[in-house]
Amino acid sequence: MELQDRGGVGLQQLQTFANDMVAAGAESPVVDRLNQNFTANVPQLFVDVDRNRVKTYGVPLQSVFNTLSANLGSAYVNDFNLFGRTWKVQVQADEQFRSAVSDIDRLEVRNANGDMIPMGTLAQVRDTVGPNVITRFNMFPAATITGVPAPGKSSGQGVAEMQRLAGAYLPPQMGYQWSGVTYQQLAAGNLAPIIFSLAIIFVFLFMAAQYESWLIPLAVLMGVPMAILGAMLGTGLRGLDNNIYTQIGLVLLIGLAAKTAILIVEFAKQQREEGKGVIEAAETAALLRFRPILMTAFSFILGVIPLAIASGAGAASRVSLGTAVLFGMLIATISGVFLIPSFYVIIQGLVERSLSKKEAKAGTASTPETLADPPLADEPA
């Protein structure tokens, strides 16, 4: 959050309001580790150059500033080539000649007559305070406030909480804008529902093309909610937030849950085409694919356990992704072996009843056309 002084309240007030925001955020259960980097009262030395005296002594004013800059800071002179390399020449007073305030008074500057005038004759040095660095954001003096959402809170909740604190503690002369990752997140908006919807739609369309049916894929997709429920349950039990890595895990679960359901629905469809009843086909498919489903599912689940218990640098992202996928696949696998056959029976029953009704309507419609007038007595039957 970039806290902006839009009404000219001053740098000291900017620091005060920034500190108030940080203090209020420290008492909030939604945000954590708030910090601000602006300080308006850093101890400084102010060199007050007497311009009238500089003019009286015949010293160019620019020479005074150049002398202060070169001795206390540094000044670039030129480059020269030696030993096949280019060397940069920077001049600066040695440390022992610029470590005390009195060293400034002993600096000398040349006047128009060639005489050397001590700097203490032309300027006075006094103690003061001021900002070390003045940051401007969109041309306004600004203080940057950084922080993270509290454990179990999302970044959206953190942004909303900071906006609430700004409305409660900032006067009308102050404003704020977002920068960095938060700005990108707000500019992009909430794309998660769109991404999840597209993932489910693509899975549905692929399976509709594979099975040549609009209803059979529903039996596969009915296992996806159980996977999402498992991911949400695991994330909540471990006190994690719904961050971008958790959402990536949810998209991954859509494909994984569909894969597990396909193993049952595909075999059930084959058994049904061989002439078995709907319920018998579902039971046979569940028995035939029970071991392969458990083998593939638990090999994947065991493979993501290191992600869920990761530690060290960057562990937060791995833990969020691993937890969502681990619990989602676990719940989807345990419930899928029992629910997917039932879903297939329901959907396949709907498909066959729909086909029966269409065939019945087609037979009824064709009856008047197939019946001919009764033959006359003198005509052969």
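About the criteria used
For every chain, the first residue of the written sequence is number 1, and numbering continues from 1 onward in sequence order. Residue-level local features of this predicted model are given only where pLDDT is at least 70; pairs of side-chain atoms are given and counted only at 80 or more, and the full residue set underlies all totals for whole chains, interfaces and linings. Only hydrogens and water are set aside; all other atoms, that is, all heavy atoms of the structure, feed into the side-chain values. Every helix listed is a DSSP run of H or I at least four residues long, and every strand listed is a run of E at least two residues long, numbered separately from the N terminus. For the exposure calls, accessible area comes from a 1.4 Å probe over protein chains only, and a residue counts as buried if that area is under 20% of its type's maximum, exposed if over 50%, partly exposed in between. Computed by Shrake-Rupley with a 1.4 Å probe, the accessible areas treat only the displayed protein chains as cover when residues are assessed. Every residue pair with non-hydrogen atoms within 4.5 Å of one another is taken to be in contact. A 1.4 Å probe that fits but cannot get out identifies a cavity on a 1 Å grid over protein atoms alone, an open set with protein on both sides within 12 Å along at least five of seven lines counts as a pocket, and a residue lines either if it has an atom within 4 Å of a point. Grid points are joined across faces, edges and corners, and a volume is the space filled by probe spheres set on the points. All amino acids are sorted into three groups, where Ala, Val, Leu, Ile, Met, Phe, Trp, Tyr, Cys and Pro are nonpolar, Asp, Glu, Lys and Arg are charged, and the leftover types, Gly among them, are polar. Only buried Ala, Val, Leu, Ile, Met, Phe, Trp, Tyr and Cys residues count toward a nonpolar core, and they belong to the same one when joined by side-chain atoms within 4.5 Å. Each axis is a line fitted through C-alpha atoms, taken for helices only over the stretch in contact, and angles between the N-to-C directions span 0 to 180 degrees. Angular relationships are summarised with four words: roughly parallel below 35 degrees, roughly antiparallel beyond 145, roughly perpendicular across 65 to 115, and oblique for the angles in between. In this scheme, a crossing is called left-handed if the near helix is turned counterclockwise away from the far one by less than a right angle; it is called right-handed if the turn is clockwise. Expected span of a helix: the number of residues minus one, times 1.5 Å. Here the bend at a residue is taken as the angle between two axes, fitted respectively to the seven residues that end there and the seven that start there. Here is the rule: rings of Phe, Tyr and Trp (six-membered ring for Trp) pair when centre to centre is within 6.5 Å. Planes less than 30 degrees apart are stacked, more than 60 are edge-to-face, and the remainder are tilted. Our definition puts a charge over a ring when NZ of Lys or CZ of Arg is within 6 Å of the ring centre and also within 35 degrees of the ring normal. When a carboxyl oxygen of Asp or Glu is within 4 Å of a side-chain nitrogen of Lys or Arg, the pair counts as a salt bridge. In protein, a polar contact means a hydrogen-donor-capable atom and an acceptor-capable atom, both N or O and within 3.5 Å, with residues adjacent in sequence counting only if both atoms are side-chain atoms; elsewhere, any N or O pair within 3.5 Å suffices.

Focus on the overall build of the chain
In terms of regular secondary structure, the chain is built from 13 helices and 11 strands. Expressed along its principal axes, the backbone C-alpha trace of the chain runs to roughly 145 × 55 × 50 Å. Counting every position in the chain, which comprises 381 residues, the buried fraction comes to 34%. Accessible area for the chain stands at about 22800 Å²; split by element, carbon and sulfur atoms hold 60% of it.

Some thoughts on the side chain of E161
Structurally, E161 is set in helix 6 (residues 155-169). Sequence-distant contacts of E161, defined by excluding residues within four places in its chain, comprise S28, V30 and V31.

Section: empty space enclosed by the protein
Counted under the stated rule, the structure contains 1 cavity of 30 Å³ or more. Considering only enclosed or pocket space, the largest cavity measures out at about 80 Å³ in volume. Lining the largest cavity we find 14 residues, and of these G223, A257, A332, G336 and I340 sit closest to its centre. With 8 residues, helix 13 (residues 315-370) is the single largest residue contributor to the lining of the largest cavity. Per-class residue counts for the lining of the largest cavity are 9 nonpolar, 5 polar and no charged.

So, the nonpolar core
Core analysis: the largest hydrophobic core is formed by 41 residues, its most contacted members being I216, V220, L253, V265, M329 and Y344. Elements supplying a minimum of two residues to this core: helix 8 (192-211), helix 9 (216-221), helix 10 (224-237), helix 11 (244-273), helix 12 (278-308) and helix 13. When near neighbours in sequence (up to four residues on either side) are disregarded, Y344 contacts I216, A219, V265, A268, K269, R272, V278, A282 and G349. Of all hydrophobic cores here, the second largest spans 21 residues; its members include V22, F38, I145 and W178.

Observations concerning the packing of helix 1 (residues 11-26) against helix 6
It is the contact of helix 1 with helix 6, at a shortest axis distance of 10 Å, that shows an interaxial angle of 130°. Relative to helix 6, the element helix 1 is oriented oblique. Here the hand of the crossing between helix 1 and helix 6 comes out right-handed. Seen from helix 1, the contacting residues are F17, M21, A24 and G25; seen from helix 6, they are M162, L165, A166 and Y169. When the residues that make up the contact of helix 1 with helix 6 are grouped by side-chain class, the tally is 7 nonpolar, 1 polar and no charged.

A few points about helix 11
Taking 1.5 Å of rise per residue, the 30 residues of helix 11 would be expected to cover 44 Å, and the 43 Å separating its terminal C-alpha atoms lies within 8% of that figure. The largest bend along helix 11 reaches roughly 30° and is located at I262. Among the residues trailing helix 11, G275 stands out with phi positive, at a value near 110°.

Things to note about the packing of aromatic side chains
Scanning all chains against the criterion turns up 3 aromatic pairs. For the pair F202 and F206, a centre-to-centre distance of 6.4 Å together with 20° between the ring planes defines the contact as stacked. Of the two residues, F202 and F206 are both situated in helix 8; the distance of 4 residues between them amounts to about one turn of the helix. Residue class for F202 comes out partly exposed when judged on its relative accessible area of 46%. Above the plane of the ring of W87 lies R85, whose end atom (NZ or CZ) is 4.8 Å from the centre.

Focus on the pattern of salt bridges
This model, assessed by the stated rule, comprises 6 salt bridges. A salt bridge links E161 to R164, with the nearest nitrogen and oxygen atoms 2.7 Å apart. A residue pair is termed a helical-turn pair when its members lie 3 or 4 positions apart in one helix, as E161 and R164 do in helix 6 at 3 residues. Given a relative accessible area of 49%, R164 falls into the partly exposed group.

Section: the layout of surface pockets
A volume near 1200 Å³ is recorded for the largest pocket. Among the elements of the structure, strand 2 (31-36), strand 10 (140-149), helix 6, helix 7 (180-188), helix 8, helix 11 and helix 13 are those that each provide at least two residues to the lining of the largest pocket. Here the residues of the lining of the largest pocket sort into 22 nonpolar, 19 polar and 1 charged. There is about 170 Å³ of room inside the second largest pocket. Y211, S213, I216, K269, R272, E273, Y344, Q348, V351, E352 and L355 are the residues that line the second largest pocket.

Here we look at the environment of Y76
By secondary structure assignment, the location of Y76 is in strand 4 (residues 75-82). You can call Y76 partly exposed: its relative accessible area is 47%. It is 46 Å that separates the C-alpha atoms of Y76 and A315, two residues lying 239 residues apart in sequence.

Notes on the packing of helix 8 against helix 11
Contact pair helix 8 / helix 11: the axes reach a minimum separation of 11 Å and the direction vectors enclose 20°. Taken together, the axes of helix 8 and helix 11 lie roughly parallel to each other. Viewed along their axes, helix 8 and helix 11 form a crossing whose handedness is right-handed. In contact with A192, I195, F196, A199, I200, V203, M207, Q210 and Y211 of helix 8, helix 11 contributes Q247, L250, V251, I254, A258, I262, V265, E266 and K269. Of the residues belonging to the contact of helix 8 with helix 11, the class tally is 14 nonpolar, 2 polar and 2 charged.

Some words on the side chain of S28
Along the chain, the position of S28 falls in the loop between helix 1 and strand 2. For S28, the side chain forms a polar contact with the main-chain nitrogen of V30, separated by 3.2 Å.

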